[in-house]
2 protein chains.
Amino acid sequence: MEKLEMLYEGKAKKIYSTEDTDKVIVEYKDDATAFNGEKKGQISEKGKLNAKISTIFFELLEEKGIPTHLVEQLNETDVLTKKLDIILVEVVMRNIAAGSIAKRLGLEEGTELKKPVLEFYYKSDELGDPMINEYHIYAEELATKEELDMIKDLAFKINEILVEFLADKGIDLVDFKLEFGKGADGQVYLGDEISPDTCRFWDSKTKKKLDKDRFRRDLGEVEGAYQEILRRLEA
Amino acid sequence: MEKLEMLYEGKAKKIYSTEDTDKVIVEYKDDATAFNGEKKGQISEKGKLNAKISTIFFELLEEKGIPTHLVEQLNETDVLTKKLDIILVEVVMRNIAAGSIAKRLGLEEGTELKKPVLEFYYKSDELGDPMINEYHIYAEELATKEELDMIKDLAFKINEILVEFLADKGIDLVDFKLEFGKGADGQVYLGDEISPDTCRFWDSKTKKKLDKDRFRRDLGEVEGAYQEILRRLEA
Ligand SMILES: Nc1ncnc2c1ncn2[C@@H]1O[C@H](COP(=O)(O)OP(=O)(O)O)[C@@H](O)[C@H]1O
Ligand SMILES: Nc1ncnc2c1ncn2[C@@H]1O[C@H](COP(=O)(O)OP(=O)(O)O)[C@@H](O)[C@H]1O
Ligand SMILES: [Mg+2]
Ligand SMILES: [Mg+2]
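The model shown is predicted, which means the values in this text are computed figures rather than measured ones.

Cut-offs and rules
Residues numbered from 1 in each chain as written. Chains lettered and ligands numbered in written order. Predicted model: local features only at pLDDT ≥ 70, side-chain atom pairs only at ≥ 80, totals over all residues. Heavy atoms only, no water. Contact = heavy atoms within 4.5 Å. Buried area = accessible area lost by both parts, 1.4 Å probe. Salt bridge = Lys/Arg side-chain N within 4 Å of Asp/Glu carboxyl O. Polar contact = N/O pair within 3.5 Å; in protein donor to acceptor, adjacent residues only side chain to side chain. Helix = DSSP H or I, 4+ residues; strand = E, 2+ residues; numbered from the N terminus. Core = buried A, V, L, I, M, F, W, Y, C linked by side-chain atoms within 4.5 Å. Buried < 20%, exposed > 50% of the residue type's maximum accessible area, 1.4 Å probe, protein only. pLDDT = per-residue confidence, 0-100. Near = heavy atom within 4 Å. Areas by Shrake-Rupley, 256 points an atom, 1.4 Å probe, with all protein chains shown as cover. Nonpolar A, V, L, I, M, F, W, Y, C, P; charged D, E, K, R; others polar. Domains from an automatic or database assignment. Axes fitted to C-alpha atoms, helices over the stretch in contact; angles between N-to-C directions. Parallel < 35°, antiparallel > 145°, perpendicular 65-115°, else oblique. Left-handed = near helix turned anticlockwise from the far one by under 90°. Pairing = 2+ DSSP bridges. Least-squares fit on C-alpha atoms with pLDDT ≥ 70 in both. Expected span 1.5 Å × (residues − 1).

Q: What am I meant to see in the interface of chain B and chain A here?
A: Quite often, the size of an interface is put as the accessible area lost when its parts meet. The interface is formed by 27 residues belonging to chain B together with 27 residues belonging to chain A. If you sort the residues of chain B by the area they bury against chain A, L105, Y135 and H136 of chain B come out on top, with a joint share of 27%. There are two salt bridges connecting chain B and chain A. The shortest N-O distance in the salt bridge between E141 of chain B and K114 of chain A comes to 3.3 Å. For the pair chain B and chain A, the number of links is eight residue pairs in polar contact (both at pLDDT 80 or more). Broken down by secondary-structure element, the contributors of at least two residues to the side of chain B that touches chain A are α2 (100-105), β10 (112-122), β11 (131-132), α3 (134-139) and α4 (145-167) of chain B. Considering each element in turn, the side of chain B that touches chain A owes the most residues, eight residues, to β10 of chain B.

Quick look at the structure:
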């Protein structure tokens, strides 16, 4: 399958049309951004690392019965996927307090949450991705109740699958962001990516951060952390 | 029933114990605050006006089958209520965009929401009353699923009752805040107050604000607006 036209260039990926109108090619870039685009940089090899890491997670989820956009990885940076009509709601799942939830609830970073927490954010660069709830979603008609019930169910299932899988690799899954969309058949699929750009991964023993927080907070060894994640997933 | 000990002094009310350990006396004050206590002032006669206005709303809700803390108004500023163990979750119901939701969703003030929107806020002066969702509530054990299902159901019912009642009085119910608590019998009751301090009321024709936004935004005629609400409720 060949790339035809570039349909969209985002902060971390480019999306290309293909001869199959129901499929797109997702090209992973080395570009890194944080704080709603205010901080910009590059993480060398990130495109390749995230294409591979995300594919491993999506293959695992497919195996466990989660409907995802994955078709197949085409080469080091390019992945063929179902073309989705992305639902403008980002879903965040959290197991351990870090980032905004620590501030919101007055919890120390690292506090284990008594129950996994799901959060919705309005995917809008203009509005700065504000946190929203189900009722905002219905009032703004971002998704239907049926779609949202499906998305919530999938998000909790995905969390369970990933937590278990990663625990085995010595990684704590602190939190992660998901995007869903509707395929040509009208069904809901998991889209976008699952990678150190979109998850917080901590080493289970040392609690060392192995994710984009190293870039956000200038902790150094950014590429090394992404490589370490891939190494453990492939072990 | 006599006031015994002052149990709590809040921003707008004082709570007193009584000889019946399951009941308290709520005394309404003239003090007004806004922006999480940053702006402070007095609205003359507010205590009396809100005690009366809130009692009218609570009597209406009781009549319509909503379980509330109201026992009876004792005098101009004092209301006898069931003593509640207040659930630390403020419930906001919105019909028209104003205040934080206008900013959050990029809507012009006055935009009618396609569906009523319910929002939860963590009642914590320290944290600045952050917006939270159901999953935060479960993780922080602020309420159980049963309590929250009851609260959501009551909030939407209360909204319907108040919208209809107020439309008849030429008032648009833009939004309002509710607090719930558990009584001595373990049941969930509507507590706190419903008044121009806790609601946005707009004149249906002129859209003139008849609520605490006149104080927040220094629009003048604050006491007159509260009086106008009481006048219409009694008409
Ligand atoms: N299967 C898919 N079909 C269509 N669009 C997709 C698919 N998967 C992800 N996208 C979208 O591709 C865009 C590019 O990704 P990214 O660079 O991460 O963008 P952003 O800057 O919006 O985060 C995003 O808007 C994402 O929602
Ligand atoms: N029936 C009740 N029993 C016990 N406490 C109540 C009852 N109704 C309201 N309260 C509480 O009384 C306190 C005083 O009210 P208020 O002055 O509005 O306080 P605040 O400054 O917390 O908003 C609030 O904390 C409110 O939750
Ligand atoms: Mg993205
Ligand atoms: Mg109050």
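Q: How do you make sense of the nonpolar core when you look at a structure like this?
A: The nonpolar side chains of a soluble globular protein tend to be buried, and buried together. Counting residues in each nonpolar core, the largest one holds 128 residues, and the members touching the most others are I158 and L162 of chain A together with I158 and L162 of chain B. Each residue touching I158 of chain A, except ones within four places of it in the same chain, is listed here: L61, I66, F176, L178, F180 and L190 of chain A. Among the nonpolar cores identified, the runner-up in size contains six residues, and Y121 of chain A together with V92, Y121 and M131 of chain B belong to it.

Q: For this particular structure, what's the right way to read the confidence of the model for chain A?
A: Do not read the fine detail of predicted coordinates wherever pLDDT is low. Taken over all residues, the pLDDT of chain A has a mean of 97, while the share at 70 or more is 100%. This prediction of the complex comes with two scores: 0.97 for pTM and 0.96 for ipTM.

Q: Whenever I open this one, the site of ligand 1 confuses me. Can you help?
A: Residues and elements named next belong to chain A. With respect to spatial proximity, 16 residues lie near ligand 1, and among them K11, A12, K13, H69 and E179 are the closest. One of the backbone N or O atoms of K11 is found 2.7 Å from an oxygen atom in ligand 1. In this structure, a nitrogen atom belonging to ligand 1 sits 3.2 Å away from a main-chain N or O atom of D192. Isolated, ligand 1 exposes 560 Å² of accessible area, and the fraction of that covered by the protein chains is 90%. Breaking the shell around ligand 1 down by element, the ones donating at least two residues are β2 (13-17) and β7 (78-82). Among the residues forming the shell around ligand 1, the class breakdown is six nonpolar, three polar and seven charged. Counting the residues that make up the shell around ligand 1, at least three belong to each of domain 1 (6-82) and domain 2 (86-221).

Q: So what exactly am I meant to see when it comes to the packing of helix α1 (residues 46-63) of chain B against helix α6 (residues 222-234) of chain B here?
A: Axis angle and axis distance: for two packed helices, these are the angle between their axes and the distance between the axes, and together they describe the pair. Residues and elements named next belong to chain B. One can describe the packing of α1 onto α6 by two numbers: an axis separation of 10 Å at closest approach and a directional angle of 30°. Between α1 and α6, the interaxial angle falls into the category roughly parallel. As for the relative orientation of α1 and α6, their crossing is left-handed in sense. Taken together, the residues of α6 that come into contact with α1 (itself represented by K46, L49, N50, K52, I53, I56 and F57) are E223, Y226, Q227, I229, L230, L233 and E234. Of the residues assigned to the contact of α1 with α6, the class counts are eight nonpolar, two polar and four charged.

Q: Help me out: how do you make sense of the pairing of strand β6 (residues 70-73) of chain A in this one?
A: Each regular strand shows side chains that alternate between the opposite faces of the sheet. All names here are of chain A. Here β6 pairs with β7 via three bridges, running antiparallel. Across the sheet, residue E72 finds its bridge partner in β7, namely L80. In this structure, the hairpin formed by β6 and β7 is closed by a connection of four residues.

Q: Just checking my understanding: could you explain the relation of the copies chain B and chain A for this structure?
A: The transformation that overlays chain B on chain A combines an axial shift of 0.0 Å with a rotation of 180°, and the residual RMSD is 0.0 Å. Here the two chains are linked by the operation of a two-fold rotation axis. Scanning chain B for the C-alpha nearest the rotation axis identifies N133 of chain B, at a separation of 3.3 Å. Comparing contact sets, 100% of the residues at the interface of chain B also lie at the interface in chain A, consistent with an isologous, same-surface contact.

Q: Please explain the sheet that holds β2 of chain A as it appears in this structure.
A: Pairing between sheet strands relies on hydrogen bonds along the backbone, with the strands arranged either parallel or antiparallel. Residue and element names in this part refer to chain A. The strand order across the open sheet formed by five strands is β1-β2-β3-β7-β6, and the pairing between neighbours is antiparallel. If you trace the sheet from one side to the other, it starts and ends with β1 (6-9) and β6, each paired once. Neighbouring strand axes in the sheet, compared pairwise and without regard to direction, differ in orientation by 25° on average. Two elements, β1 and β2, share three bridges in a ladder whose sense is antiparallel. Note on β2: the bridge partner recorded for Y8 is I15.

Q: Help me out: how do you make sense of helix α4 (residues 145-167) of chain A in this one?
A: The periodicity of an α-helix, 3.6 residues per turn, causes residues three or four positions apart to be oriented the same way. With 23 residues, α4 of chain A should reach 33 Å at 1.5 Å per residue; the first-to-last C-alpha distance of 33 Å fits that figure. Listing the buried residues of α4 of chain A in full gives E147, L148, I151, K152, L154, A155, I158, N159, I161, L162, F165 and L166 of chain A.

Q: Would you mind going over unusual backbone geometry with me for this structure?
A: Negative phi values dominate among residues other than glycine, just as trans dominates among peptide bonds. Even without a glycine there, the phi angle at D192 of chain A is positive, about 55°. Looking at where D192 of chain A falls in the secondary structure, it is placed in the loop between β12 (188-191) and β13 (199-203). Even without a glycine there, the phi angle at F35 of chain B is positive, about 55°. Summarising the element assignment, F35 of chain B is placed in the loop between β4 (31-34) and β5 (39-42). Judged by its relative accessible area of 47%, F35 of chain B is partly exposed.

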